[in-house]
Amino acid sequence: MPDIAADNVVESAEQTRREDALIEQVVASFSGTPDPRLKTIVESLTRHLHAFVREVRLTDGEWEQGIDFLTAVGHITTDRRQEFVLLSDVLGISMQTVAMNNPAYANATEATVFGPFFVNDAPLIEIGGDIAGSAPGEPCWVEGSVKDVFGNPISGARIEVWEADDDGFYDVQYSDDRVAGRAHLFSDDLGNYSFWGLTPTPYPIPDDGPVGTLLSATGRSPLRASHLHFMVTAPGFRKLVTHIFVRGDELLASDSVFGVKDSLVMDFEQQSADTAAPDGRNLIGATWSRTRFDIVLAPEG
Ligand code: BEZ
Ligand code: FE
């Protein structure tokens, strides 16, 4: 009488042996890779992808669905829309890469995800200028300083700022070529800066493609917590790409791209329409807000 149970144990050991052997075969196929870094990456990628496929015991149908999904991600990607980066964003891979490549350094300001809406050559504004242009929204006075980790002011730091309007759109999503909600300025001799922007409001990441389908299939929201983007550069310092977030925003804990860091959550103080603006600007009866963001740059390298 054959011992079926014992045979199955043997079969299962045989199954494991076959699966293990395949991984070693694939890894070995990369053994002649001349670039040692590329060799490390493809070998590790092979081991991790196989571990994933084996852990979930991926079916043929699921493999096909995965291929169809990645094909759709490729098809919707153009030079204006990068669905692969969006996929990396919603899986937290972008933030993990940001975290690893901007290691904690003393009291230097934390970095966060870059996002797809930065544009080179945004207009130059003076200190105290307005980045909003024709973008609708509540005026927000933003001021702060740029310093090194010892507290020395950094003058002439280039500060790029960009944000969505009140309707949740960046200018690059408008149907015309207007430039709005973005500018660059330079810190003054004392390392200080200020500008008028818009009080940040929440908006969804582009969710009409396969990444949006993934979010809805998994019950996740496409909304980003309200934020204002900064990119700060100065010779001798590490480039800082970051945002500031609004204290009290209920989306802080569920930002769709995991960009929120406690150290980047700021107080945005609401001001009534009859409160005088810091620079004497006539706000024509509108409410406004103000915030302060003191930036600390890590040294380069
Ligand atoms: C953004 O903040 O602009 C953004 C970041 C990641 C994905 C989509 C948008
Ligand atoms: Fe954004």
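Quick caveat: nothing in here was measured; it's all calculated off a predicted structure. Counting from 1, residues in each chain are numbered in the order their sequence is written. Think of it this way: whatever chain is written first is A, whatever ligand is written first is 1, and the rest follow in order. Only residues with pLDDT of at least 70 get local features here, since the model is predicted, and only at 80 or more are side-chain atom pairs given and counted; chain-wide, interface and lining totals rely on the full set of residues. The basis for every side-chain value is the complete set of non-hydrogen atoms in the structure, without hydrogens or water.

Below, the discussion takes up the overall build of the protein chain. Counting from the N terminus, the helices are the DSSP runs of H or I reaching at least four residues and the strands are the DSSP runs of E reaching at least two. When helices and strands are counted, the protein chain shows 6 helices and 12 strands. Judged by the C-alpha coordinates and their principal axes, the protein chain covers about 95 × 40 × 35 Å. Of all intrachain contacts in the protein chain linking residues separated by at least 6 positions in sequence, the fraction that spans at least 24 positions is 71%. Accessible surface is estimated by sampling points in the Shrake-Rupley manner with a 1.4 Å probe; for residues, cover comes only from the protein chains shown. Summed over all atoms, the accessible surface of the protein chain reaches about 16800 Å², with 56% contributed by carbon and sulfur. Charge counting follows a simple rule: Lys and Arg are positive, Asp and Glu are negative, and His as well as the terminal groups are ignored. For the purpose of locating charges, the reference atoms are NZ of Lys, CZ of Arg, CG of Asp and CD of Glu. Here the protein chain holds 22 positive side-chain charges and 46 negative ones, and the gap between their average locations is 5 Å. It only takes one pair of heavy atoms within 4.5 Å for two residues to be counted as in contact.

Turning to the site of ligand 1, a few remarks are in order. Whether a residue is near a molecule or strand depends on its heavy atoms: it is near if one of them lies within 4 Å of it. The full set of residues close to ligand 1 is Leu86, Asp89, Gly115, Pro116, Phe117, Tyr170, Tyr203, Ile205, Arg224, His227, His229 and Val257. Here an oxygen atom of ligand 1 sits 2.7 Å away from a polar atom, N or O, in the side chain of Tyr203. Here His227 contributes a side-chain N or O atom positioned 3.0 Å from an oxygen atom of ligand 1. For ligand 1, whose unbound accessible area comes to 260 Å², protein coverage reaches 100%. Whenever a nitrogen or oxygen atom comes within 3.5 Å of another N or O atom, the pair is scored as a polar contact, on the condition that within protein one atom can donate a hydrogen and the other can accept it, and that pairs from neighbouring residues in sequence are kept only if both atoms are in side chains.

This part covers the packing of aromatic side chains. Aromatic contacts are taken between Phe, Tyr and Trp rings whose centres are within 6.5 Å, Trp giving its six-membered ring; a plane angle under 30 degrees counts as stacked, one over 60 as edge-to-face, and the others as tilted. The tally for this structure, following the rule as stated, stands at 11 aromatic pairs. With centroids separated by 5.8 Å and ring planes inclined at 80°, the aromatic side chains of Phe114 and Trp162 adopt a geometry described as edge-to-face. On the criterion of sequence distance, the pair formed by Phe114 in the loop between helix H5 (93-101) and strand S1 (139-148) and Trp162 in strand S2 (residues 158-162) is long-range, its members being 48 residues apart. Exposure categories follow from relative accessible area, calculated using a 1.4 Å probe and restricted to protein chains: below 20% of the type maximum is buried, above 50% is exposed, and the middle band is partly exposed. The exposure class of Phe114 is partly exposed, given its relative accessible area of 35%. Judged by centre distance (6.2 Å) and plane angle (25°), the ring pair of Tyr193 and Phe195 falls under stacked. Exposure class is identical for Tyr193 and Phe195. Each is buried. Cluster of aromatic residues (ring-pair linked, three or more members): Tyr193, Phe195, Phe230 and Phe293. For a lysine, the NZ atom is tested; for an arginine, the CZ atom; a charge sits over a ring if that atom is within 6 Å of the ring centre and within 35 degrees of the ring normal. A cation sits over an aromatic face here: Arg281 above Trp196, 4.8 Å from the ring centre.

All right, on to the coordination of the iron ion (ligand 2) then. Counted as coordinating are nitrogen, oxygen and sulfur atoms within 2.8 Å of the metal, or 3.2 Å for Na, K and Ca, while water is not included, which may make sites look incomplete. Each protein donor to the iron ion (ligand 2) is listed here as Tyr170 (OH), Tyr203 (OH), His227 (NE2) and His229 (NE2); together their distances run 1.9 to 2.1 Å. A site with four donors is called tetrahedral when every donor-metal-donor angle falls between 85 and 135 degrees; four donors are called square planar, and six octahedral, when opposite donors sit more than 155 degrees apart and all other angles fall between 65 and 115; any other arrangement is irregular. Metal-centred angles of 54 to 168° between the 6 donor atoms at the iron ion (ligand 2) mark the site as irregular. Taken in chain order, the donor set of the iron ion (ligand 2) reads Y-x32-Y-x23-H-x1-H. One end of the pair, Tyr170, is in the loop between S2 and strand S3 (182-186); the other, His227, is in strand S7 (residues 227-233), with 57 residues separating them in the sequence. For the pair formed by Tyr170 and His227, the shared burial category is buried.

Here the focus is unusual backbone geometry. Although it is not a glycine, Ala106 sits at a positive phi angle of roughly 45°. Position of Ala106 relative to the elements: it lies in the loop between H5 and S1. What makes Ala106 exposed here is its relative accessible area of 70%. One non-glycine residue, Asp121, lies in the positive phi region at around 65°. With respect to the helices and strands, Asp121 occurs in the loop between H5 and S1. Exposure remark for Asp121: the relative accessible area of 72% places this residue in the exposed category.

A few words on the pairing of strand S8 (residues 240-246). Across the 7 residues that make up S8, a large majority, 7, are buried. Residues Leu240, Thr242, Ile244 and Val246 point to one face of S8 and Val241, His243 and Phe245 to the other, with burial holding for every one of them. At least two bridges found by DSSP between two strands is the condition for calling them paired. One ladder, built from 6 bridges, connects S7 with S8; its direction is antiparallel. By the bridge assignment for S8, Leu228 is matched with Ile244. Bridge count between S8 and strand S9 (residues 265-266): 2 bridges; the pairing is parallel. Looking across to S9, one finds that Phe245 is bridged to Val265.

Let's shift gears to the pattern of salt bridges. Here, a salt bridge means any Lys or Arg side-chain nitrogen found within 4 Å of an Asp or Glu carboxyl oxygen. Throughout the structure, instances matching the rule amount to 17 salt bridges. The closest approach of N and O atoms between Arg54 and Glu19, which form a salt bridge, is 2.8 Å. Of this pair, Arg54 sits in helix H2 (residues 36-55) while Glu19 sits in helix H1 (residues 4-29), and the two are 35 residues apart along the sequence. You can call Glu19 buried: its relative accessible area is 16%. Arg290 serves as the salt-bridge partner of Glu143, at 3.2 Å between the closest nitrogen and oxygen. Within this pair, whereas Glu143 is found in strand S1, its partner Arg290 is found in strand S11 (residues 288-292), the two being separated by 147 residues in sequence. With a relative accessible area of 21%, Glu143 lands in the partly exposed category. It is possible to trace a salt-bridge network through shared partners that takes in Glu19, Asp20, Arg54 and Arg57.

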